[in-house]
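# Descriptive structure summary
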Amino acid sequence: MDPLLRLSRAIDWVNDQFGRIATWTVLIATLISAGNAVSRYMFSASSNAWLEIQWYLFAAMVLLGAPYVLKINEHVRVDLFYSMMSERVRLWIDLLGGIFFLLPICIIMIYFTWPWFVESWRINESSMNAGGLVRWPVKLILPIGFALVALQGVSEIIKRIQALIEHRNLEFEYEKPLQ
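The structure displayed is predicted, hence computed values, not measured ones.

### Section: the environment of Ala130
With respect to the helices and strands, the residue Ala130 is situated in the loop between α3 (87–122) and α4 (136–166). Separated by 39 residues in the primary sequence, Ala130 and Asn169 place their C-alpha atoms 55 Å from one another.

### Let's talk about the environment of Asp12
Considering the arrangement of structural elements, one finds Asp12 in helix α1 (residues 2–43). For Asp12, a relative accessible area of 11% gives the class buried. With 143 residues separating them in the primary sequence, Asp12 and Ser155 have C-alpha atoms 7.1 Å apart. Residues within four places of Asp12 in sequence aside, it is in contact with Lys71, Gln152, Ser155, Glu156 and Lys159.

### A look at the packing of α1 against α4
Following both chains from N to C, one finds α1 and α4 inclined at 140 degrees, their axes separated by 9 Å at the closest point. It follows that α1 is oblique to α4 by the angle criterion. Taken as a pair, α1 and α4 cross one another with a handedness that is left-handed. Along the contact surface, α1 presents Leu4, Leu5, Leu7, Ser8, Ile11, Asp12, Val14, Asn15 and Phe18, while α4 presents Leu148, Leu151, Gln152, Val154, Ser155, Glu156, Ile158, Lys159 and Gln162.

### Concerning unusual backbone geometry
Positive phi is not limited to glycine here, since Ser44 has a value of about 50 degrees. Counting through the fold element by element, Ser44 comes out in the loop between α1 and α2 (48–71). Taking relative accessible area as the criterion, Ser44 reaches 69% and is therefore assigned exposed. Even without being a glycine, Asn124 presents a positive backbone phi close to 50 degrees. With respect to the helices and strands, Asn124 occurs in the loop between α3 and α4. Among the residues examined, Asn124 registers a relative accessible area of 44% and is labelled partly exposed.

### Some remarks on the packing of aromatic side chains
According to the stated counting rule, one finds four aromatic pairs in the structure shown. Centroid distance Trp55 to Tyr56: 4.8 Å. Interplanar angle 70 degrees. Geometry classified as edge-to-face. Overall, the relative accessible area of 7% leaves Tyr56 in the buried class. Ring geometry for Tyr111 and Phe112: centres 5.1 Å apart, planes at 85 degrees, overall edge-to-face. A residue is classified by how much of its surface remains accessible, and Tyr111, at 58% relative accessible area, is exposed. An aromatic cluster is defined as three or more aromatic residues linked by ring pairs; in this entry it consists of Trp114, Phe117 and Trp136.

Criteria and cut-off values
- Residues numbered from 1 in each chain as written.
- Predicted model: local features only at pLDDT ≥ 70, side-chain atom pairs only at ≥ 80, totals over all residues.
- Heavy atoms only, no water.
- Helix = DSSP H or I, 4+ residues; strand = E, 2+ residues; numbered from the N terminus.
- Buried < 20%, exposed > 50% of the residue type's maximum accessible area, 1.4 Å probe, protein only.
- Contact = heavy atoms within 4.5 Å.
- Axes fitted to C-alpha atoms, helices over the stretch in contact; angles between N-to-C directions.
- Parallel < 35°, antiparallel > 145°, perpendicular 65-115°, else oblique.
- Left-handed = near helix turned anticlockwise from the far one by under 90°.
- Phe/Tyr/Trp six-rings, centres within 6.5 Å; stacked < 30°, edge-to-face > 60°.

Below you can see the structure in the form of structure tokens.
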């Protein structure tokens, strides 16, 4: 189990770094948005590139931040019965959900988004808007983001297996949603 736990810690570290990048994209997108608004209203000057870079950054926020959110157990979950279950049952739900739902959907998304990115890169696809940006960088974020979520899923599966084997709780506690 030790090699798997080392792998889990390495994945956690990688996704911590991408979580930091995602955090900075929030600030950068906010500054670009404010700068674009000032430029548009004070100087009557704007560009579609400024608008497009904001949604590129939003894609980075979501797709690079999602693995970190999964790591800290703050992801969205549909809680109908989860909060009523014991810690051990929740570990099993997380383990089986990761194996049978999270990893397969990530693999499917990587499978479909990678060729989409490659084709965009091959033809150097650009925005149809005047002054728009090339599209392949934002399309590259899709398979990277899903790959990082899949890796974090593997890390979470390893941690759940260890917790089940050692009969212990994980470091974080599940917070019941406010009703």
